Amino acid sequence: MKVVMINDCAYVGETLLKYMPPNVEKQHIKRTRGFWNKTFGLALKILRTHGDVYHAHYLLQDCYIAARLGKKPLIGHAHGSDLRTSLAHTLWGRVVRHNLKSCGKVLVSTPDVLGLAKRYREDAEYMPNPVDAELFYPKPVSQYDGKKRVLIASDCNFNVKGTDIAIKALSRIKDKVEVSIIKNGVDFEKTRTLASSLGLNLNVLPKVTHEKLNEYFWNADVVIDRFKLGSLGMVSLEAIACGRPVITYVSSEFEEYIDFPLKDAVAENAVADAVEAADESLWEKEYQYLLANHRTEAVLERLLEIYGSLER
């Protein structure tokens, strides 16, 4: 079998390809944000491929081009914003709806968008994101006598990530924490301004490659992720895999998260309390959830079943 992976999101496609069994031939079509590379150049790359299964990340132009070029069987893998925002867009909505109806199978990476996908595809399926265990694995917390070291690891975005909630929550316990933040995201300067207005000092870290992100996790006692969507992001999963407790908003309305130990922490006081209480015991429970639901081997087993079930 030859799998052609088209585009990527949060290194999900790359991780899946990395761990596929040796009898599977693999090709990864990547692109940049440049006009040619994401339009005609992308179409030419897809046209020239020959595979047994085509797996496109994001239900946007990558998936649309593959469908229009008759690449079958085609899996459309939604990663959130394509369904949360693009589906309602005047132009992009038509593309997303076409892909939802045209693909041989539709996967979604977080349960908060599963309902949106099922409006058009009853057989849409939630597939947990895999974690690369070679890059992200537990290390003991280094001995440190100072304040609790907190890392805000998701990109700064008030509307999508709720970075402002994290800042306001941490300002409540600013005498007890030492906060670091990665310089990334559309609202980074707004985040820094807000923190300053609340008297919260931020240690700004430069953006690093995915392969080096683990060092930031290992240097923290607690990792903060997002507080808007109610679903687990890759930052949370990778931080947990690195041995650190994560504070993020996980909604109890999603049955997929029934075994996740910390749910509905979204109000500023709840987030602050959770950061103060975060310890090895919380991490152990989060890690058990991770092992039960996000091991790459288990995700791949289901994905290969789907590949095998599709008509060629």
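Here we summarise the structure given alongside this text. (Residues numbered from 1 in each chain as written. Predicted model: local features only at pLDDT ≥ 70, side-chain atom pairs only at ≥ 80, totals over all residues. Heavy atoms only, no water.)

**A look at the packing of aromatic side chains**
- Here the structure, examined in full by the defined rule, presents six aromatic pairs.
- Taken together, a centroid distance of 6.3 Å and an interplanar angle of 50° make the contact between Phe136 and Phe217 tilted. Pair noted here: Phe136 is in the loop between strand 6 (125–126) and strand 7 (148–152) and Phe217 is in helix 9 (residues 213–218), with a separation of 81 residues, a long-range link. Of the two residues, Phe136 and Phe217, both sit in the buried class. (Phe/Tyr/Trp six-rings, centres within 6.5 Å; stacked < 30°, edge-to-face > 60°. Helix = DSSP H or I, 4+ residues; strand = E, 2+ residues; numbered from the N terminus. Buried < 20%, exposed > 50% of the residue type's maximum accessible area, 1.4 Å probe, protein only.)

**Some remarks on the nonpolar core**
- In terms of nonpolar packing, the biggest core is built from 105 residues, with Leu83 and Ile247 touching the most fellow members.
- In terms of residue count, the dominant contributor to this core is helix 10 (residues 234–241) (six residues).
- Beyond its immediate sequence surroundings of up to four residues, Ile247 is in contact with Val222, Val223, Ile224, Asp225, Phe227, Leu262, Val271, Ala274, Val275, Ala278 and Leu282. (Core = buried A, V, L, I, M, F, W, Y, C linked by side-chain atoms within 4.5 Å. Contact = heavy atoms within 4.5 Å.)

**Here's the deal with the side chain of His55**
- Here His55 shows up in strand 3 (residues 53–57).
- One polar contact links His55 to Tyr307, side chain to side chain, over a distance of 2.7 Å.
- Those residues in contact with His55, other than ones at most four positions away along the chain, are Val4, Met5, Ile6, Leu16, Ile75, His77, Leu107, Leu303 and Tyr307. (Polar contact = N/O pair within 3.5 Å; in protein donor to acceptor, adjacent residues only side chain to side chain.)

**Some points on the pairing of strand 4 (residues 74–78)**
- Counted residue by residue, strand 4 has five buried out of five residues, so it is predominantly covered.
- The two faces of strand 4 match: Leu74, Gly76 and Ala78 on one face and Ile75 and His77 on the other face are all buried.
- As defined by bridge partners, strand 3 adjoins strand 4 across four bridges and the pair is classed as parallel. Following the sheet pairing, Ala56 is matched in strand 4 by Gly76.
- After leaving strand 3, the chain enters helix 3 (residues 61–68) and then returns to the sheet as strand 4, a path that is right-handed.
- Bridge analysis of strand 4 against strand 5 (residues 105–108) gives four bridges, and the strand direction is parallel. Bridged to Ala78 within strand 5 is Val108. (Pairing = 2+ DSSP bridges. Right-handed = clockwise from strand over helix to strand, strands pointing away.)

**Observations regarding the sheet that holds strand 1 (residues 2–6)**
- Taken together, the six strands give an open sheet; going across it, the order is 2-1-3-4-5-6, and neighbouring strands pair in parallel fashion. Strands with a single pairing partner mark the edges of an open sheet, and in this sheet they are strand 2 (25–29) and strand 6.
- The strands touched by helix 1 (residues 12–19) are strand 1, strand 2, strand 3 and strand 4; relative to strand 2, the strand with the most contacts, the crossing angle is about 165°. (Axes fitted to C-alpha atoms, helices over the stretch in contact; angles between N-to-C directions.)

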